[in-house]
Amino acid sequence: MSVADVHVQQFAEDLAERLLLPLVVGGRLEPLPPIGEARAVVISEMPPNVVGESGPGLERARLAVIRRLCPVDDVMDFDSCEWLIACAVNDLLQATSPFLVGTFGKNRPRRMVEMVEGTLDRVTEPKTLARALMRHSLLSRLLELVRVDTEVSWWVGSETVRGIEPPARLVSWPSLRRVRTEQTKVGLAEMPGEQPWADVWIRALARVVAASPLTDLQSLGRRSPPFSMTGSTLGLLQTHAGRAVAARAIERGRFRGRAPELLRQAAEAVARVDDDAAGVVLRFADQVEERSRQMEELSA
Amino acid sequence: MLERVALHQTRLRVPGVGLDARGVALGARGLVLLPSLDRLVAFLAIYTADHGLDGVIGGLKIEVVRSKLGTREIALSFDAGSSDRLDRIGEVARLAGGFSFTGTTRHFVQYRDAAAPFGYDASEIAATDAALALYHATFTQTYDVEKQVDLKALLLRMSPNPDPGTEALDGPLWILAEPGLGPSVLSYFVRSGVRASAAVAEWPPATSFDDAPVRRWLFEVEDLPRRTWPLFASLPGVTVYRPVARGVAVEQGYRHPVSLRACPVFDEAGLLFMRGTAPPLELGRVPVLGDVRSLARVALADEGSSAALVAPGGGAAPEIRVPLRLLPGRAPPSAVAATLVPKHELGLLRRLVYALGADAVRTTRFAVTEIGAFLIRDRGIEAVPLGHFYRRVHPAVYVPSGLELVPSVDSDVLFSALGSPSGKIVFFRPDSNALAVDEAAFVPLENAILDATAWAPLDATAIEPLLTTETPTAWFSPLGLRPLKGADKA
């Protein structure tokens, strides 16, 4: 094991502990400093295994996510694409960090998003249903991610801090200065706010979600980024097993009631390009509707 | 002379007549003048065919009135209500050959027709003390009231007309049978499984020379089987009546000229039989009716004029009841569904429950009394070879196995004869006495046999959920002076 290997391994352990594990099981998530496209490529070329303290926990948690959809006994190791996706998620979050801009770094978030786009260009569609399940086990809760913004107000003013604890200078002498704090949870898609680079950030987020077709289908009723059929999603629906797992993912998601209607709307968009693919989506919508009806009959 | 009421006219000369919301001349009451009683009958027949008298019955008066010329006519007056109602009555009156008027007390003016859409007003009011002053376009006449006619009495005087269209005997029916035929009809109903109730009804003697009241058997039949229709339609001494309204029934094959359903003048607690060729029969109140199955034994009695069965409001039927007895039966034991385990065998029962199958333990019910424990199992109690076995003859009646009840009556009749005790299960003893055990006292055997077992607490280790419901929350750390250090494009 070379020195570079050691650094990659350590980096992977840190990424798993601070980003991936909280992303799967919930809790406090602290992204690593910006990784960048070049370092992501190095990691993906020699994909490490997570063997540290967070390794077994992450493995069990991913297995639990997958077992909601199909019975498996083991999870596969991270492949290069999954490491690229993990790095992309890290950098997407860091693009919204209040510490990134600084005094002269107004353009840094846009550069970060460009690097994320470059990283995602190297992510291919999942080749097998097993790989699609592995990606879903990482990103199934991505769209649940929130950031806590805290508004601190005192007797002559107020200030809002995003994603960090309020500095001591703002909350000191609370009774004398009549300090009040109010926390607000901001969803992932709202994190860029009204920034000029918000649209490219949302586009990059959409690509991250689309990289995991099961996650994409499970959240097909989300407001932002809006759902649309992609090559990986259509590829998943082309196989019998893929449709079965996708139908289960939708049943266990928040949008199972509206899923047939949303899928038919997506099929209309696909039909402008490819009638056969639209037919696949429509048949899948019928399948989801039929399963939903059967489930209701069983529960009744 | 009458004048037509004009549109937007505000004042009228006839006292008690005003203009309603539509501008039609209308008084508080309406009046229909009919030339004779048969026209009145026609009027009532036509009106009640489609409308009830419920709205007008309160103020309805039928009077025979006499004019100064000595002619008698019929005046039917009622609360006008609205011009809609009076329009309808006016149309019927025209059809029946009468005239319609409106007014309030004494002066009535012709009600509106096609020639005067807003009605009429009299140009001159007659100065008269007569009870009625009618102003019509063709006459003005005063009348004195000669007598009142009661609607109910009038309806009773009308003879029903033969109507071949009502030959079918379907639906609920009343049947009146002469005393000699009543028990036979009752027996026939029981044998044929006809759901019916029976009573003995009484009427006062027709003349003072008769010393006994007139008695007839009264049957209320829910639905007469079709095969019996010819019998009851042609059997002398038996008359079938079809209920046409609450408290009124018309003889089968006849139809009353007036729709009696529309005439709320009959006492709902009583019963009036409109006979086709004879005066109506009226019962002040419906006698208490008993299920014919409960009276089945009457069929065994000799017919007698002083029959003394219970019939409230009626006479009495002869006493023919016999006590129930239990005699050894020749049939092999069957349907053994209960056992009485005497007190001294309860110890054996406790040992036996260890050998009982799970199904037997679960489906056997158990009640403890001072003479022992009763065990009931619908699917058979053979699994418990203890005590005195009982055979189920009714869901709530058990008879000792090997014995039969005499007389051999239907189980439902037997249960009725026992008073249909609710929530009780009756067990006959071999000496023909019966014991009733509260049904609520029977508990599943599995609940009764198990003694409490001591247990020791044992704590389980809590399993932490793998996927917590905590929301993933992003927190950022300071990035230093060069946040993008090392982050480059490839």
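Small disclaimer: the values here were computed from a predicted structure and weren't measured. (Residues numbered from 1 in each chain as written. Chains lettered and ligands numbered in written order. Predicted model: local features only at pLDDT ≥ 70, side-chain atom pairs only at ≥ 80, totals over all residues. Heavy atoms only, no water.)

**Overview of the overall build of chain B**
A count of helical and extended segments in chain B gives 9 helices and 32 strands. Relative to the compact-globule value of 23 Å for 490 residues, chain B shows a C-alpha radius of gyration of 40 Å, a clear excess of over 25%. Counting only C-alpha atoms and orienting by the principal axes, one finds that chain B spans roughly 120 × 110 × 40 Å. In chain B, which comprises 490 residues, the share counted as buried stands at 41%. Put simply, 68% of the contacts in chain B that link residues at least 6 apart link residues at least 24 apart. Of the roughly 26,300 Å² that chain B leaves accessible, carbon and sulfur atoms contribute 53%. Across chain B, 49 positive and 53 negative side-chain charges occur, with their mean positions spaced 2 Å apart. (Helix = DSSP H or I, 4+ residues; strand = E, 2+ residues; numbered from the N terminus. Rg over C-alpha atoms; globule rule 2.2 N^0.38 Å. Buried < 20%, exposed > 50% of the residue type's maximum accessible area, 1.4 Å probe, protein only. Contact = heavy atoms within 4.5 Å. Areas by Shrake-Rupley, 256 points an atom, 1.4 Å probe, with all protein chains shown as cover. Lys, Arg positive; Asp, Glu negative; His and termini not counted. Charge placed at Lys NZ, Arg CZ, Asp CG, Glu CD.)

**Remarks on the pattern of salt bridges**
Residues and elements named next belong to chain B. Per the stated rule, a full pass over the model turns up 38 salt bridges over all chains. For glutamate 3, the salt bridge goes to arginine 13, with nearest N and O atoms at 2.9 Å. Pair noted here: glutamate 3 is in strand S1 (residues 2-4) and arginine 13 is in the loop between S1 and strand S2 (17-19), with a separation of 10 residues, a long-range link. With a shortest N-O distance of 2.7 Å, glutamate 146 and arginine 72 are connected by a salt bridge. Of the two residues, glutamate 146 sits in strand S11 (residues 140-149) while arginine 72 sits in strand S6 (residues 72-79), which places them 74 residues apart along the sequence. Of the residues examined, glutamate 146 reaches a relative accessible area of 37% and is grouped as partly exposed. (Salt bridge = Lys/Arg side-chain N within 4 Å of Asp/Glu carboxyl O.)

**A look at the sheet that holds strand S31 (residues 443-444) of chain B**
Residue and element names in this part refer to chain B. The 8 strands are arranged S30-S29-S27-S26-S23-S25-S24-S31 in an open sheet whose pairing can be described as mixed. Among the strands making up the open sheet, the edge pair consists of strand S30 (434-438) and S31. With 2 bridges joining them, strand S27 (residues 397-400) and strand S29 (residues 424-428) adopt parallel strand pairing. Paired with valine 397 across the two strands is valine 426, which belongs to S29. (Pairing = 2+ DSSP bridges.)

**Observations concerning the environment of B:Ala278**
Residues and elements named next belong to chain B. Relative to the helices and strands, alanine 278 is located in the loop between strand S19 (271-274) and strand S20 (281-283). Under the relative-accessibility criterion, alanine 278 is labelled partly exposed at 28%. A C-alpha to C-alpha distance of 19 Å links alanine 278 and aspartate 210, two positions 68 residues apart in sequence.

**Quick look at the side chain of B:Thr364**
Residues and elements named next belong to chain B. Assignment of secondary structure puts threonine 364 in the loop between helix H7 (358-363) and strand S24 (365-369). A polar contact of 2.5 Å, which involves the side chain of threonine 364, links it to the backbone oxygen of alanine 360. If we skip the residues at most four places from it in the chain, threonine 364 touches Leu375, Ile376, Arg377, Ile381, Val443, Pro444 and Leu445. (Polar contact = N/O pair within 3.5 Å; in protein donor to acceptor, adjacent residues only side chain to side chain.)

**A look at the interface of chain B and chain A**
Size of an interface, as often reported, equals the accessible area lost when the parts are brought together. In this assembly, 23 residues from chain B lie in contact with 48 residues from chain A. Buried surface at the junction of chain B and chain A, summed over both partners, amounts to about 3,000 Å²; 64% is from carbon and sulfur atoms. The interface formed by chain B and chain A contains 1 salt bridge. For the salt bridge of A:Glu114 with B:Lys489, the shortest nitrogen-to-oxygen distance reads 3.5 Å. (Buried area = accessible area lost by both parts, 1.4 Å probe.)

**Here's the deal with the environment of B:Gly193**
Residues and elements named next belong to chain B. Here glycine 193 lies in the loop between helix H4 (182-192) and strand S14 (196-203). On the basis of relative accessible area, glycine 193 is assigned to the exposed category, the value being 59%. Measuring from C-alpha to C-alpha, the distance between glycine 193 and arginine 293 comes to 9.0 Å, with 100 residues separating the pair along the chain.

**Looking at the nonpolar core**
All names here are of chain A. Core analysis: the biggest nonpolar cluster contains 65 residues, and Leu15, Leu20, Leu93, Leu142, Trp201 and Val208 have the highest contact counts within it. Listing elements by their share of this core, those giving two or more residues are helix H1 (3-25), helix H2 (36-45), helix H3 (54-67), helix H4 (80-95), helix H6 (108-121), helix H7 (129-139), strand S2 (146-154) and helix H10 (198-210). No other element matches H4, which puts 11 residues into this core. Once residues within four sequence positions are removed from consideration, tryptophan 201 is found in contact with Leu92, Ala95, Thr96, Val113, Leu188, Ala189, Met191 and Pro192. (Core = buried A, V, L, I, M, F, W, Y, C linked by side-chain atoms within 4.5 Å.)

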